[in-house]
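Here is how the chains run, residue by residue.
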Amino acid sequence: MVEPVETGLVRGISWSPSGPALSLITDDADAQLPLAAGQWLRFEVLSGDGIAARYCLGYTSVQGPEESAHVRCPSGQPAERGFQCGACFARDDLRHMHDFHRSGHAPPGMRSYLAQQHWLYIATFADGTTKVGTASNLSKWRRLADQGALVARYVALAQDGAIVRLLEDSVTKELGVTQFVRAASKTASLLTPRTTAELEQRNREVSGVVREFLGQHSLAGFETIDEQWHGSEFARAISDGGPRIAYPRPLDAGKHGMRLDSMLGANALVSLDDAEAAFVVDLGGLKGRRITFGAFTTDVPALQESLF
């Protein structure tokens, strides 16, 4: 396929109901490269002075519940913390999101965003790990798609973002349900995923316990619900069948060529040139890297070739 840009800085994988896309910052503007089954991605991770740096991705300015703007890093500096330089981190409205319910501090646009209804969900991943999380009304479906959940349920609807995060914290404190699952764990779990029936049972059980706990909660401003989330068809193949092999090259450097067969969150089930195997790769590893598209292939080590 013809790529829409030759070179760009990767912001990450983003989902919409129409499917996933590779988000890029180009010389001219932000761009979205839609990703679909059967599509080939061929790219090289660019390096300066032999080092493939992770660059600052800029910051987000929030004007309201449905209005926000991405601002690219004015200096184009390497990232200092996470995916931002210090100056962009200080300007990022999103940094107030997870602490507003404790601090009460946020700029007007972020306050308006947090004033909308928010959902509390229970998400289960390929190895059965289950977490509690939140999503705004605007990102209700997309948040779980971005997370890479295989099974999920919404268990509460809160009147605003402060209340839903108080509920989230109480579920973690009182029931021990985690709020965070590492990206590496999500990728590793897809090498030997549990069955859909097992994951469904796990999610249903934890959701039931959480819903019962919330039903006895003294906090006002929310209602318990029981609503199942339905993921993308493009994600189903990655959790079925096997065996799979971890992608043989890190994505922080080098040349790569892969055909997308299925995607779940930032993880992809891919095929490689002249390799009779299915590989799992976390495309989130490209975040903050500069890449250029071209006729590139993945060099498969002999150790992996012996497994085919």
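The sections below set out a description of the structure shown in this document. Just so it is clear, the structure is predicted and the values come from calculations on it, not from any experiment. Sequence order as written defines residue numbering, which begins from 1 separately in each chain. This being a predicted model, a pLDDT of at least 70 is required before a residue's local features are given, and a value of 80 or more before pairs of side-chain atoms are given or counted; all residues contribute to the totals for chains, interfaces and linings. Processing note: side-chain calculations cover all non-hydrogen atoms of the structure and skip hydrogens and water entirely.

### What to know about the sheet that holds strand 7 (residues 118-124)
Point 1. A sheet is described by the order of its strands in space; here 4 strands give the open sequence 8-7-9-10, paired in antiparallel fashion. Two strands in the sheet have a free side with no partner beyond their single neighbour: strand 8 (130-136) and strand 10 (222-229). Going across the sheet, the axis of each strand differs from the next one's by a mean of 25°, ignoring polarity.
Point 2. Here strand 7 pairs with strand 9 (residues 151-158) via 7 bridges, running antiparallel. Across the sheet, the residue bridging to Ala 123 is Ala 152, located in strand 9.
Point 3. Sitting on the sheet, helix 7 (residues 196-215) touches strand 7, strand 8, strand 9 and strand 10, and the angle it makes with strand 9 is about 15°. Any two strands with at least two DSSP-identified bridges between them are counted as paired. A run of H or I in DSSP counts as a helix once it spans at least four residues, and a run of E counts as a strand once it spans at least two, with each numbered from the N terminus. Only C-alpha atoms enter the line fits that serve as axes; for helices the fit covers just the stretch in contact. Angles between N-to-C directions range over 0 to 180 degrees. Residue contacts follow a heavy-atom distance rule, with two residues in contact if any of their heavy atoms lie within 4.5 Å.

### Looking at unusual backbone geometry
Point 1. A positive phi angle is found at Asp 274, which is not glycine, with a value near 60°.
Point 2. Here Asp 274 lies in the loop between strand 13 (267-271) and strand 14 (279-282).
Point 3. Categorising residues by exposure relies on relative accessible area from a 1.4 Å probe, with only protein chains included: less than 20% of the type maximum marks a residue as buried, more than 50% marks it as exposed, and the intermediate range marks it as partly exposed. Among the residues examined, Asp 274 registers a relative accessible area of 82% and is labelled exposed.

### Quick notes on the environment of Val 281
Point 1. Positionally, Val 281 belongs in strand 14.
Point 2. Since its relative accessible area comes to 3%, Val 281 is described here as buried.
Point 3. Separated by 12 residues in sequence, Val 281 and Leu 269 place their C-alpha atoms 6.6 Å apart.
Point 4. Apart from residues no more than four positions distant in its own chain, Val 281 is found in contact with Tyr 247, Leu 251, Met 258, Ala 266, Asn 267, Ala 268 and Val 270.

### Some words on the sheet that holds strand 14
Point 1. Spatially, 3-2-1-15-4-12-13-14-11 is the arrangement adopted by the 9 strands of the open sheet, whose pairing is mixed. Two strands lie at the open edges of the sheet, namely strand 3 (30-34) and strand 11 (245-246), each paired on one side alone.
Point 2. In this structure, strand 4 (residues 40-45) lies alongside strand 15 (residues 290-293), joined through 3 bridges in antiparallel fashion. Within strand 15, the residue paired with Glu 44 across the bridge is Thr 292.

### Some thoughts on helix 5 (residues 161-175)
Structural remark: α-helix, 3.6 residues per turn; residues separated by three or four positions point the same way.
Point 1. Expected helix span is taken as 1.5 Å per residue step, with the number of steps being one fewer than the number of residues. In this model helix 5 runs 21 Å from its N-terminal to its C-terminal C-alpha over 15 residues, within 8% of the 21 Å that 1.5 Å per residue would give.
Point 2. Here a polar contact is recorded for every N or O atom pair within 3.5 Å, except that within protein the pair must consist of a potential hydrogen donor and a potential acceptor, and residues adjacent in sequence are included only if both atoms are side-chain atoms. For helix 5, the capping residue at the N-terminal end is Asp 160, with a side-chain oxygen 3.1 Å from the backbone nitrogen of Ala 162.
Point 3. Residue Gly 176 follows helix 5 closely and has a positive phi angle near 75°.

### Thoughts on the pattern of salt bridges
Point 1. Salt bridges, as used here, are contacts in which a Lys or Arg side-chain nitrogen is within 4 Å of a carboxyl oxygen on Asp or Glu. In this structure the tally under the stated criterion is 10 salt bridges.
Point 2. Taking the shortest distance from any N to any O, the salt bridge between Arg 42 and Asp 273 comes out at 3.0 Å. Pair noted here: Arg 42 is in strand 4 and Asp 273 is in the loop between strand 13 and strand 14, with a separation of 231 residues, a long-range link.
Point 3. Residue Arg 236 pairs with Glu 233 through a salt bridge whose shortest N-O separation is 3.0 Å.
Point 4. Three or more residues joined by partner-sharing salt bridges are found here, namely Arg 153, Glu 200 and Arg 204.

### Brief notes about the packing of aromatic side chains
For any two aromatic rings, the description comes down to two numbers: the centre-to-centre distance and the angle of the planes.
Point 1. When two rings of Phe, Tyr or Trp (its six-membered ring) have centres within 6.5 Å they constitute a pair, described as stacked for plane angles under 30 degrees, edge-to-face for angles over 60, and tilted for the intermediate range. This model, assessed by the stated rule, comprises 3 aromatic pairs.
Point 2. Taking 6.5 Å as the distance between ring centres and 65° as the angle between the ring planes, the aromatic pair formed by Trp 15 and Trp 141 counts as edge-to-face. Residue Trp 15 is located in strand 1 (residues 7-16), and its partner Trp 141 is located in helix 4 (residues 140-147); the two are separated by 126 residues in the primary sequence.
Point 3. Residue Trp 141 is classed as partly exposed on the basis of its relative accessible area of 23%.
Point 4. Stacked on the ring of Phe 83, the Lys or Arg Lys 287 has its end atom at 4.5 Å from the ring centre. Lysine and arginine charges are scored as sitting over a ring when NZ or CZ, respectively, is within 6 Å of the ring centre and within 35 degrees of the ring normal.

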